[in-house]
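Chain and residue survey
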Amino acid sequence: MRLNGKRILLIIGGGIAAYKCLELIRRLQDEGAGVRCILTRAGAEFVTPLSVAALSGDKVYQDLFSLTDEAEMGHIRLSREADLLVVAPATADLMAKMAAGLAGNLATTALLATDKPVLIAPAMNVEMWSHPATQRSVQTLEADGVARVGPAAGDLACGETGPGRMVEASEIVDAVADKLGGAGLLAGRKVLITSGPTREAIDPVRYLSNHSSGKQGHAIARAVANLGAETVLVTGPTAETVPAGVQAVHVESARDMLAACEAALPADVAICAAAVSDWRIADEAGQKMKKSAGAAPPALSLVENPDILATLSKPGPNRPALVVGFAAETENVIDNAMDKRKRKLCDWIVANDVSAGTGTFGGDNNTVHLVGADGVVDWPTMSKAAVAERLAETIAGHLNGKRDAAE
Ligand code: C5P
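**Some points on the overall build of the protein**
The number of helices and strands found in the protein is 14 helices and 22 strands. Expressed as lengths along the three principal axes of its C-alpha atoms, the size of the protein is roughly 80 × 50 × 40 Å. Within the span of the protein, comprising 407 residues, buried residues form 49% of the whole. Total accessible area computed for the protein in this model is approximately 19,000 Å², and 51% of it derives from carbon and sulfur atoms. Of the side-chain charges in the protein, 39 are positive and 48 negative, and the distance between the mean point of each set is 4 Å.

**What about the pattern of salt bridges?**
Per the stated rule, a full pass over the model turns up 18 salt bridges. Put simply, Glu252 and Arg199 hold a salt bridge, and the shortest N to O gap is 4.0 Å. In this pair, Glu252 is assigned in the loop between strand 13 (246-250) and helix 11 (254-264) and Arg199 in the loop between strand 9 (190-195) and strand 10 (200-201), connecting sequence segments 53 residues apart. Each of Arg36, Asp58, Arg77 and Glu81 takes part in one network of salt bridges that share partners.

**With respect to the packing of helix 1 (residues 20-30) against helix 9 (residues 169-181)**
The N-to-C vectors of helix 1 and helix 9 enclose an angle of 45°; their axes lie 9 Å apart at closest approach. Here helix 1 lies oblique to helix 9, going by the angle between them. Considering how the two elements wind past one another, helix 1 and helix 9 form a crossing that is right-handed. Touching Lys20, Glu23, Leu24, Arg27 and Leu28 of helix 1 are Ala169, Ser170, Ile172, Val173 and Val176, all from helix 9. Considering only residue class, the contact of helix 1 with helix 9 consists of six nonpolar, one polar and three charged.

**Examining the site of the ligand**
All residues adjacent to the ligand are Cys272, Ala274, Val276, Asp278, Pro306, Asp307, Ile308, Leu309, Gly325, Phe326, Lys340 and Lys344. Leu309 is positioned with one of its backbone polar atoms (N or O) 2.8 Å from an oxygen atom of the ligand. For the ligand, whose free accessible area comes to 440 Å², the fraction covered by protein is 86%. Among the elements of the structure, helix 12 (308-313), strand 17 (322-329) and helix 13 (333-344) are those that each provide at least two residues to the shell around the ligand. Class assignment of the residues belonging to the shell around the ligand gives a composition of seven nonpolar, one polar and four charged.

**Examining the packing of aromatic side chains**
The relation between two aromatic rings is expressed through the spacing of the ring centres and the mutual angle of the planes. This structure, assessed with the given rule, holds zero aromatic pairs. For Lys59, the ring lying beneath its charged end belongs to Tyr61, and the centroid distance is 5.3 Å.

**Quick notes on the sheet that holds strand 5 (residues 118-122)**
Within the open sheet, the six strands sit side by side as 3-2-1-4-5-6. Their pairing is parallel. Whereas interior strands pair on both sides, the edge strands pair on one side only; in this sheet they are strand 3 (60-61) and strand 6 (147-148). Here strand 1 (residues 7-12) runs beside strand 2 (residues 34-39); their pairing, made up of six bridges, is parallel. Residue pairing in the sheet places Leu10 in a bridge with Cys37 of strand 2. Most of the contacts of helix 5 (residues 92-100) go to strand 4 (residues 84-90), to which it runs at about 140°, and overall it touches strand 4 and strand 5. The sheet contacts of helix 9 involve strand 1, strand 4, strand 5 and strand 6, and relative to strand 4 the element is tilted by about 155°.

Parameters at a glance
Residues numbered from 1 in each chain as written. Predicted model: local features only at pLDDT ≥ 70, side-chain atom pairs only at ≥ 80, totals over all residues. Heavy atoms only, no water. Helix = DSSP H or I, 4+ residues; strand = E, 2+ residues; numbered from the N terminus. Buried < 20%, exposed > 50% of the residue type's maximum accessible area, 1.4 Å probe, protein only. Areas by Shrake-Rupley, 256 points an atom, 1.4 Å probe, with all protein chains shown as cover. Lys, Arg positive; Asp, Glu negative; His and termini not counted. Charge placed at Lys NZ, Arg CZ, Asp CG, Glu CD. Salt bridge = Lys/Arg side-chain N within 4 Å of Asp/Glu carboxyl O. Axes fitted to C-alpha atoms, helices over the stretch in contact; angles between N-to-C directions. Parallel < 35°, antiparallel > 145°, perpendicular 65-115°, else oblique. Left-handed = near helix turned anticlockwise from the far one by under 90°. Contact = heavy atoms within 4.5 Å. Nonpolar A, V, L, I, M, F, W, Y, C, P; charged D, E, K, R; others polar. Near = heavy atom within 4 Å. Polar contact = N/O pair within 3.5 Å; in protein donor to acceptor, adjacent residues only side chain to side chain. Phe/Tyr/Trp six-rings, centres within 6.5 Å; stacked < 30°, edge-to-face > 60°. Lys NZ or Arg CZ within 6 Å of the ring centre and 35° of its normal. Pairing = 2+ DSSP bridges.

Right, dumping it as structure tokens:
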């Protein structure tokens with residue numbers, strides 16, 4: 001049983017393929033999963049709530065505004081208590097709503113509120129599937145890290161032929177097992193991550209810092225924790241919340257960040273995603289610096305901060321088996337990243353272009369290149385969450401002995 005103890009939230013969309021969901025519920029249960037269902041209004045035109053309830057052995061959730069449902073099980077809890085959300089059939093309408101982030105009903109609200117992976121099994125007419133609008137949704141959902149199985153090609157219920165059939169229940173179960181199978185890939189490993197900016201005090205009320213949001217570093221912490229790693233996140237001040245299952249150490253200055261990282265060793269992996277201030281104030285004032293009439297503004301002199309990535313990468317008994325750095329560059333992205341990898345002695349560099357107009361700094365998307373000893377792998381533009389998941393999976397593959405193109 002590949003899905004022992006796993007909880008699946010199955011969202012049944014409105015398409016003729018909805019009937020296959022009844023078999024899907026059974027097959028997921030046969031693999032040991034618990035299945036809870038949301039039936040959309042359109043879905044209920046194709047399968048009855050009674051048959052879904054009877055098969056799932058649970059109440060069927062249908063209405064966002066039902067007071068009883070909200071009292072018993074709010075839509076947030078519904079989406080969070082699952083290990084995976086499966087949308088089957090994923091109709092063109094449902095996919096467009098997901099891509100746009102709409103939340104006008106229980107299904108779309110749960111999909112927007114979830115912090116768990118999502119798998120879709122599209123089903124629609126072939127022209128609807130090939131329509132540029134649907135393909136835009138497909139691309140957006142891919143970039144958001146949504147996994148997809150199908151559609152398969154063949155005779156469609158509408159009488160036309162081509163891609164648009166929902167894949168069979170057994171294939172959806174295989175895709176679910178693949179998606180959840182990674183859950184323990186980093187079990188027994190300890191991963192240290194730095195995230196966010198640092199703040200270098202000028203005096204007790206002023207500081208030197210940068211615009212790092214911590215989104216990428218925190219997303220990596222979430223992704224490695226989801227793969228079962230013991231995860232320590234050493235973070236500068238950010239607006240991001242600490243992901244579930246992650247141990248956070250909050251720091252301000254680069255020196256504090258280095259001390260916290262060293263205290264967290266030994267670790268199997270270190271990922272330095274923080275934007276550490278290169279310099280700090282040479283002589284931090286003990287009292288607030290005062291402006292006095294006629295006096296020249298104070299001159300700030302700077303000294304170099306320790307390089308945390310380079311320090312963690314130094315050969316020695318405490319060096320993590322894999323040290324990964326980030327390189328935010330505005331020009332010659334790859335060449336600079338290759339140089340940086342050699343200079344800092346880290347194993348991999350995740351290089352990204354942060355030049356004006358890319359929207360990477362503070363934004364939700366990232367286009368990165370993974371630079372290793374053997375070369376460079378270009379990743380497509382993805383959400384920071386998807387970059388984090390792919391990085392976590394690549395690290396797990398590396399530690400577990402699978403070779404990958406970054407090495
Ligand atoms: O040299 P640069 O700042 O571009 O290098 C970026 C990489 O080095 C990032 O991984 C960043 O977290 C790390 N770094 C560090 N400590 C510093 C400066 C950068 O860990 N003082």
